[in-house]
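Now for the letters of each chain:
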Amino acid sequence: MTVLVADGNTRRARALSDDLRADPSLHVLSVPAGMALIDAVRQHQPDVVLVDMGRADRDALDSIRALSQPALERPVALFVDRDDVQLMETAFDIGICSYNVLDAPPDDVKPLLRAAIALYSRFQRTRGELTEAQRKLAEQKLVDQAKRLFMKNENATEDQAYRWFRRRAMQSARRIAAVAADYLSAHDRNDAP
Amino acid sequence: MTHALRIGLLRLTDSAPVIIARNHGLFAQHGIAAEIVVSPSWSNIADGLAWRTLDAAVIFPPLAMMTALGRRGHAASLRPLCTLSRGGNTLVLRGTNPLATPWPTGPAGHQAFAQWQRGLGRRPRLAVVHMYSTHLLILRRFLRMIGVDMDSGIELVVMPPADMISALADRAIDGGCVGPSWGTEACLRGLGFLVGGSSTIVPGHLEKLLVVSDAAAGQADRLKAALGEAVSYCRAPANRHAIAQGLALPPEEGGLALPARATFATLDEKTTPEPVTFVAEEVTEADFDWITQDMFDLGWIDESEREAGPKR
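Only a predicted model underlies this, so the values are computations on that prediction, with no experimental measurement involved. (Residues numbered from 1 in each chain as written. Chains lettered and ligands numbered in written order. Predicted model: local features only at pLDDT ≥ 70, side-chain atom pairs only at ≥ 80, totals over all residues. Heavy atoms only, no water.)

Caption draft 1: Molecular detail of the overall build of chain B. Scanning chain B for helices and strands turns up 15 helices and eleven strands. In terms of overall size, chain B behaves like a compact globule, its C-alpha atoms giving a radius of gyration of 19 Å where 312 residues would be expected to give roughly 20 Å. If one aligns the C-alpha atoms of chain B with their principal axes, the spans along those axes are about 60 × 45 × 30 Å. Counting across all 312 residues of chain B, residues that qualify as buried make up 60%. Counted over contacts in chain B with a minimum sequence separation of 6, partners at least 24 positions apart contribute 77%. Surface accessibility of chain B: about 11400 Å² in total, with carbon and sulfur atoms responsible for 51%. Across chain B, the mean location of the 28 positive side-chain charges is 3 Å away from that of the 31 negative side-chain charges. (Helix = DSSP H or I, 4+ residues; strand = E, 2+ residues; numbered from the N terminus. Rg over C-alpha atoms; globule rule 2.2 N^0.38 Å. Buried < 20%, exposed > 50% of the residue type's maximum accessible area, 1.4 Å probe, protein only. Contact = heavy atoms within 4.5 Å. Areas by Shrake-Rupley, 256 points an atom, 1.4 Å probe, with all protein chains shown as cover. Lys, Arg positive; Asp, Glu negative; His and termini not counted. Charge placed at Lys NZ, Arg CZ, Asp CG, Glu CD.)

Printed below as a string of structure tokens:
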């Protein structure tokens, strides 16, 4: 079975292709960068297309069956599993969908979609973790900057500065980073060491 | 519903009422927590409604009907809440207009098409934004009015509205029917010329409506009230500049990254023959008559579905 992976995120496309290639019965192809999805489908004539829903050119594929002229030799249809609504909702929610090329509709699309969902979840989690790490770093930078300014303004030690911000944060039930940002705004940021 | 009301839309001028309702706090004033989902494709809107990742959407009537009928594989329980806009679609062709005016119907229009096509040297590739769009129906009617068969006289391609600018510049397409403000932007950049549009093909036609799923039914009245106020704001000529500037902002700053000059032009009937008219009204059967007739003629719906119209 030929599977075409259409994902603008090259890292994710490679990871998904690698996952799928573990199954020797699958012939896995990717849409080259810059190539329209419909052109790739026309060229490779896959049985199944796994599509990143962030691709705006999905509309061209989606509507192919409505064309009165034969834009493709084999019609294409969105894969829908009516018995497994949750699978479908999860797939759309996480940003992946699947199309069947209908000459000989394959029976085993669900495992492919499940594999894609698992990989997309992993990427989403990793991206979430990365965002969280970046947020923490940015907050730490803000707190350090505010502490240095406080130490300079109040002739205080680093420990005293930290305790001052922590106390303020506890009193106002806010994060230390928010208190630090307010402190920097209230004083001239340019004065910050 | 425990989560915010998720409203899907695309980067188009006629999405303005929903953007204004959020940015001006109108949803909040009516007790609605709304999350706007700027979607990259119409398929995402249809799938979002069908598979409950969206609770409402700004959409054109043919796709709303086809989604509700389950023509994309899974029926969605939808109902039209209210109209949002009328008109605003443009028919833009690449190159030089042999007539220097919008094209007339009949033989004169056919002659203009033939002359323009000779300049291209190929069967024209014309784009629409989705197969189940008012744009396709308008393009089909336009071609019929100038005696060109859509199946044999052109090559039809589907392309997201924002992509049409670069596609025209790269000569990947020779024109198309597109919503605001992308057609006007193409003309302002000198990439194409206007041959017609909503006002010349189906004057005053319903273009965008807001549909809601069952999950949003409990908030329908408040949603309608907020959108009614937003549409009133959008209709006031004094607000056009602010609307265009707001829509030109990137999505993370509350806009839709639309081209500001073209967007401003599409809001003003004095600067474009194809202005967007914002209207918040009940959707009527009359709004659907020409749409369902054309959908029936194209074989998309059967007689009973045509008769049911928006009640579907």
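On we go.
Caption draft 2: Molecular detail of the UniProt feature "modified residue: 4-aspartylphosphate" (unreviewed entry) in chain A. Residues and elements named next belong to chain A. Here the UniProt-annotated "modified residue: 4-aspartylphosphate" (unreviewed entry) positions come out as Asp 52. Its location among the elements puts Asp 52 in strand 3 (residues 48-52). Given the relative accessible area of 11%, Asp 52 is considered buried. Residues within four places of Asp 52 in sequence aside, it is in contact with Ala 6, Asp 7, Gly 8, Arg 12, Gly 95, Ile 96 and Tyr 120. (UniProt positions renumbered as here; feature names shortened; annotations may be inferred.)

Caption draft 3: Examining the sheet that holds strand 6 (residues 125-128) of chain B more closely. Residue and element names in this part refer to chain B. Strand order across the open sheet formed by five strands is 7-6-8-5-9, with mixed pairing between neighbours. The strands lining the two open edges of the sheet, one partner per strand, are strand 7 (155-158) and strand 9 (192-197). Within the sheet, the average angular offset between the axes of one strand and its neighbour, ignoring direction, is 25°. Here strand 5 (residues 90-94) runs beside strand 9; their pairing, made up of five bridges, is antiparallel. (Pairing = 2+ DSSP bridges. Axes fitted to C-alpha atoms, helices over the stretch in contact; angles between N-to-C directions.)

Caption draft 4: Looking closely at unusual backbone geometry. Omega for the peptide link from Pro 180 of chain B to Ser 181 of chain B comes to 5°, which places this bond in the cis form. By secondary structure assignment, the location of Ser 181 of chain B is in the loop between strand 8 (175-178) and helix 9 (182-188). The phi dihedral of Gln 45 of chain A is positive, around 50°, even though this residue is not glycine. Within the element layout of this structure, Gln 45 of chain A appears in the loop between helix 2 (37-44) and strand 3. Judged by relative accessible area, Gln 45 of chain A falls into the partly exposed class, the value being 26%. Of note, the phi angle at Ala 100 of chain B is positive, near 65°, even though the residue is not glycine. Here Ala 100 of chain B lies in the loop between strand 5 and helix 5 (106-120).

Caption draft 5: Representation of the packing of helix 4 (residues 61-68) of chain B against helix 14 (residues 285-297) of chain B. Residues and elements named next belong to chain B. Their axes nearest at 10 Å, the elements helix 4 and helix 14 cross at an angle of 60°. For the pair helix 4 and helix 14, the crossing hand works out as right-handed. Of helix 14, the residues touching helix 4 (which contributes Pro 61, Pro 62, Met 65 and Met 66) are Phe 288, Ile 291, Thr 292 and Met 295. When grouped by side-chain class, the residues that make up the contact of helix 4 with helix 14 number seven nonpolar, one polar and no charged. (Left-handed = near helix turned anticlockwise from the far one by under 90°. Nonpolar A, V, L, I, M, F, W, Y, C, P; charged D, E, K, R; others polar.)

Caption draft 6: Highlighting the pattern of salt bridges. Residues and elements named next belong to chain A. Following the criterion strictly, the structure yields 34 salt bridges over all chains and no others. Taking the shortest distance from any N to any O, the salt bridge between Lys 110 and Asp 81 comes out at 3.1 Å. Residue Lys 110 is found in helix 5 (residues 109-154), and its partner Asp 81 is found in the loop between strand 4 (76-78) and helix 4 (85-94); the two are separated by 29 residues along the sequence. Members of the salt-bridge network, linked through shared partners, are Glu 132, Arg 135, Lys 136, Glu 139 and Arg 175. (Salt bridge = Lys/Arg side-chain N within 4 Å of Asp/Glu carboxyl O.)

Caption draft 7: Expanded view of the interface of chain A and chain B. Listed per partner, the contact involves 24 residues of chain A and 26 residues of chain B. Each partner contributes to the roughly 2100 Å² buried at the junction of chain A and chain B, and carbon and sulfur atoms together form 51% of this total. Here chain A is connected to chain B by seven residue pairs in polar contact (both at pLDDT 80 or more). Ranked by residues supplied to the side of chain A that touches chain B, first place goes to helix 4 of chain A with five residues. (Buried area = accessible area lost by both parts, 1.4 Å probe. Polar contact = N/O pair within 3.5 Å; in protein donor to acceptor, adjacent residues only side chain to side chain.)

Caption draft 8: Representation of the packing of aromatic side chains in the model. All names here are of chain A. Scanning the entire structure with this criterion turns up 13 aromatic pairs over all chains. On the basis of an interplanar angle of 70° and a centroid distance of 5.6 Å, the ring pair of Trp 164 and Tyr 183 is categorised as edge-to-face. You can see Trp 164 sitting in helix 6 (residues 158-172) and its partner Tyr 183 sitting in helix 7 (residues 176-186), a full 19 residues away along the chain. Across this residue pair, the class does not change: Trp 164 and Tyr 183 are buried. An angle of 85° between the planes, with centres 5.3 Å apart, marks the rings of Phe 165 and Tyr 183 as edge-to-face. Of this pair, Phe 165 sits in helix 6 while Tyr 183 sits in helix 7, and the two are 18 residues apart along the sequence. (Phe/Tyr/Trp six-rings, centres within 6.5 Å; stacked < 30°, edge-to-face > 60°.)

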